[in-house]
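Observations on chain architecture
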Amino acid sequence: MNDSSTYDVAIVGYGPVGATAANLLGQSGLEVVVIERDPDIYFRARAISTDEEVVRIWQQVGLSERLTADMQPGAGANFVDAEGVPFVRLLPTERGCGHPPQQFIYQPAVDKILREGVERFPNVSLLLEHECLRVIQHAGDVELMLADLTEDKFTRIRASYVIAADGGSSSIRGQLGIGFRGRTFSERWIVIDTKMLEEWPGHDRLRFHCNPARPTVDCPTPLGHHRWEFPVRDEEDEKDLLTEEVIWNVLGDQGITKDHVEIIGFACYSHHVRFADRWRIGRVFLAGDAAHAMPPWIGQGMCAGVRDVANLCWKLGAVLNGSLPDAVLDTYQDERLPHLKEVTNRAVKTGRLIVERNRLRAKVRNHVLRAASKVPYFTTWLRDHRWLPDAHYRTGLLALNGNPAEGWLIPQPWVIDSHGDRVRLDDIIGGCWTILHTGPERPWQAWRSAGVPIVRIAPPGSAPRADSVVDADGTLIRWLRQKKASVVAVRPDGFIYAAGGDKPLPQPPAGFTGVVAERSKELA
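Residues numbered from 1 in each chain as written. Predicted model: local features only at pLDDT ≥ 70, side-chain atom pairs only at ≥ 80, totals over all residues. Heavy atoms only, no water.

Going by an unreviewed UniProt entry, the protein chain carries the name 3-(3-hydroxyphenyl)propanoate hydroxylase and comes from Mycolicibacterium hippocampi.

Below, the discussion takes up the side chain of serine 468. On the secondary structure map, serine 468 appears in strand β24 (residues 468–471). On the accessibility criterion, serine 468 (5% relative accessible area) is buried. Discounting chain neighbours no more than four positions away, the residues touching serine 468 are Ser418, Val455 and Arg456. (Helix = DSSP H or I, 4+ residues; strand = E, 2+ residues; numbered from the N terminus. Buried < 20%, exposed > 50% of the residue type's maximum accessible area, 1.4 Å probe, protein only. Contact = heavy atoms within 4.5 Å.)

Counting residues in each nonpolar core, the largest one holds 119 residues, and the members touching the most others are Trp58, Phe79, Leu144, Ile163 and Phe208. When residues in this core are grouped by element, the largest group, 12 residues, is from helix α8 (residues 301–320). A domain split of this core shows at least three residues from each of domain 1 (7–72 + 104–180 + 275–346) and domain 2 (408–500). For leucine 144, the contacting residues outside a window of four places in its chain are Ala10, Val12, Ile35, Cys132, Arg134, Val135, Thr155, Arg156, Ile157, Ala159 and Val162. (Core = buried A, V, L, I, M, F, W, Y, C linked by side-chain atoms within 4.5 Å. Domains from an automatic or database assignment.)

Moving on to the environment of arginine 44. Among the structural elements, arginine 44 can be located in the loop between β2 (32–36) and β3 (49–51). Classification of arginine 44 by relative accessible area gives buried; the value is 6%. The spatial distance from the C-alpha of arginine 44 to the C-alpha of glycine 265 is 7.6 Å, given a sequence separation of 221 residues. When near neighbours in sequence (up to four residues on either side) are disregarded, arginine 44 contacts Pro108, Val191, Asp193, Gly265, Phe266, Ala267 and Tyr269.

If you trace the backbone, aspartate 166 turns up in the loop between β11 (153–164) and α5 (171–175). For the buried aspartate 166, no salt bridge exists, and the shortest N-O distance to an oppositely charged side chain is 6.6 Å, to arginine 173. For aspartate 166, the side chain forms a polar contact with the main-chain nitrogen of isoleucine 172, separated by 3.4 Å. If we ignore the near neighbours within four places in the chain, the residues touching aspartate 166 are Val12, Gly13, Ser171, Ile172 and Ala290. (Lys, Arg positive; Asp, Glu negative; His and termini not counted. Salt bridge = Lys/Arg side-chain N within 4 Å of Asp/Glu carboxyl O. Polar contact = N/O pair within 3.5 Å; in protein donor to acceptor, adjacent residues only side chain to side chain.)

Most of strand β1 (residues 6–12) sits out of view: 5 of its 7 residues are buried. Taken together, the 6 bridges between β1 and β11 define a ladder with parallel strand orientation. Looking across to β11, one finds that isoleucine 11 is bridged to isoleucine 163. Both β1 and β2 contribute to a ladder of 4 bridges, which runs parallel. Bridge pairing in β2 links alanine 10 to valine 33. (Pairing = 2+ DSSP bridges.)

This brings us to the UniProt feature "domain: FAD-binding" (unreviewed entry) in the protein chain. UniProt feature "domain: FAD-binding" (unreviewed entry): in the numbering of this structure it lies at residues 7–346. Along residues 7–346 one finds 27% helix and 34% strand; the C-alpha atoms at either end are 39 Å apart. (UniProt positions renumbered as here; feature names shortened; annotations may be inferred.)

The strand order across the open sheet built from 7 strands is β21-β20-β24-β23-β22-β25-β26, with neighbouring strands paired in mixed fashion. Sheet topology places β21 (422–424) and β26 (496–500) at the edges, where each strand pairs with a single neighbour. Sheet twist, expressed as the average angle between the axes of neighbouring strands with direction ignored, equals 30°. One ladder, built from 2 bridges, connects strand β20 (residues 414–416) with β24; its direction is antiparallel. When the bridges of β24 are listed, isoleucine 416 appears paired with valine 470. (Axes fitted to C-alpha atoms, helices over the stretch in contact; angles between N-to-C directions.)

Time to look at the confidence of the model for the protein chain. For the protein chain, per-residue confidence averages 92 on the pLDDT scale, and residues scoring 70 or more make up 98% of the total. When the criterion is pLDDT under 50, residues 517–524 qualifies, and its contacts beyond four places in sequence or with other chains add up to 21 contacts. (pLDDT = per-residue confidence, 0-100.)

Where helix α1 (residues 16–27) contacts helix α4 (residues 107–118), the axes come no closer than 9 Å and their chain directions differ by 25°. Considering their axes alone, α1 and α4 lie roughly parallel with respect to each other. For the element pair α1 and α4, the recorded crossing hand is left-handed. Seen from α1, the contacting residues are Pro16, Ala19, Thr20, Ala22 and Asn23; seen from α4, they are Gln107, Asp111, Leu114, Gly117 and Val118. The residue makeup of the contact of α1 with α4, split by class, is 5 nonpolar, 4 polar and 1 charged. (Parallel < 35°, antiparallel > 145°, perpendicular 65-115°, else oblique. Left-handed = near helix turned anticlockwise from the far one by under 90°. Nonpolar A, V, L, I, M, F, W, Y, C, P; charged D, E, K, R; others polar.)

Take the pattern of salt bridges next. Under the definition given, this model contains 32 salt bridges. Residue aspartate 426 pairs with arginine 56 through a salt bridge whose shortest N-O separation is 2.6 Å. Here aspartate 426 is found in helix α12 (residues 426–429), whereas its partner arginine 56 is found in helix α2 (residues 52–60), with 370 residues between them in sequence. Exposure class is identical for aspartate 426 and arginine 56. Each is buried. As a salt-bridge pair, glutamate 116 and lysine 112 come within 2.6 Å of each other at their nearest N and O atoms. Linking glutamate 116 with lysine 112, this pair stays in helix α4, spanning 4 residues, or about one helical turn. Take glutamate 116: its relative accessible area is 26%, and that puts it in the partly exposed class. The class for lysine 112 is partly exposed, based on a relative accessible area of 45%. Overlapping salt bridges, with partners in common, bring together Asp141, Glu143, Arg156 and Arg158 in one network.

Okay, here's the thing in structure tokens:
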């Protein structure tokens, strides 16, 4: 702890969401403290996959290469009938973020690398084995009462803002009296984690066994692991299922024996759909499972939390360095909630497809989807309406002058920098406000006066220049042309604040005083 025990931001919870926030805020130079009640990384894998947008966020803090080295690229999701015969397959599609669209993870390994990333920042303090007992908001900061679980002592610290990333049973959410509304599905699910001893056909593929008698999820996990999940039937007692004998019987139905895997853990979980009524109370913000919960069917629980803090942390940094007013923090929930609700809705619909228990309806499902899969573009339509929606904000910190590019996450193609090196776009502009343009340069005086860099996107084959990057294969130029934009103002999180084409580029947001602190790239 620093001498004053006063911080810019306190993060409660040190899972992947809290650790991502600590990296983002640590990189920005803020004084940060992380409070976590457990002494070490939780040994059980919970999250099972990630996507290209989340890896792009981790790229911003210089950890994407280390993280993806331990990931397993996904090959889509196979939905199979009771006999194990596929009736539909959904293939992931690239959305332009510059990373594989689907990757399976082993969460303890992800947690380890994220925490190692935090160790780079001397401005981030860790208080492991500490529990936040109370938060008291004052006019200019928040007081946190902490219990030291190793010495049975109490201490107080203060922070300008607090991020509560303390999970679905968030004590801070409870202290603030924030409602957590939604529903819990009636079925309880058994989750089995194993270590692979011997490979078997299909071990590297995600399969949803849509068997009315026993729906089962069969999921590959990197670093020599594998996971299965299945629901508890109405007539079953979950306690009777949580034994190795029963677990081996279930795995045996999948053709898995003790020669294939070693069981390293199993547990029973409920699936929830929950949304906190408010994500901000004064100077305290909810993030991740503390703010929302969704079923696991499209692997977006952890990803949604990482998206939360990517949206929130740059805004906190801007408010703390004085470049934007505090009111900008009210856009956090406005921007994130619509996308989150759509993701949750798609997860629920996918779950219904998997767990149909009526045999007749299951047969009809299998027949219809198997036949429809032969129709051109049907599986593309199904993927686009059941899997992850595009990253797009319709309200929030946006100019809203009618240009179609506004609110979209800008693609990240490979570009040629001023030195002639091939790099990803975010390695040049990531983490700071930037004006990108494809047409002739205009005054854009308000942006220039605010110190926002202006970068020209040159077409493929152009010579490198100090004030431009070359769009290596024309991807970004084509995208901007489709959006009818020749100039865009890109926020630090990669979303487009304003765009111009037929109309002039709008002015900076109200209260924007300029780029106070550029992103440090020393650790990228």
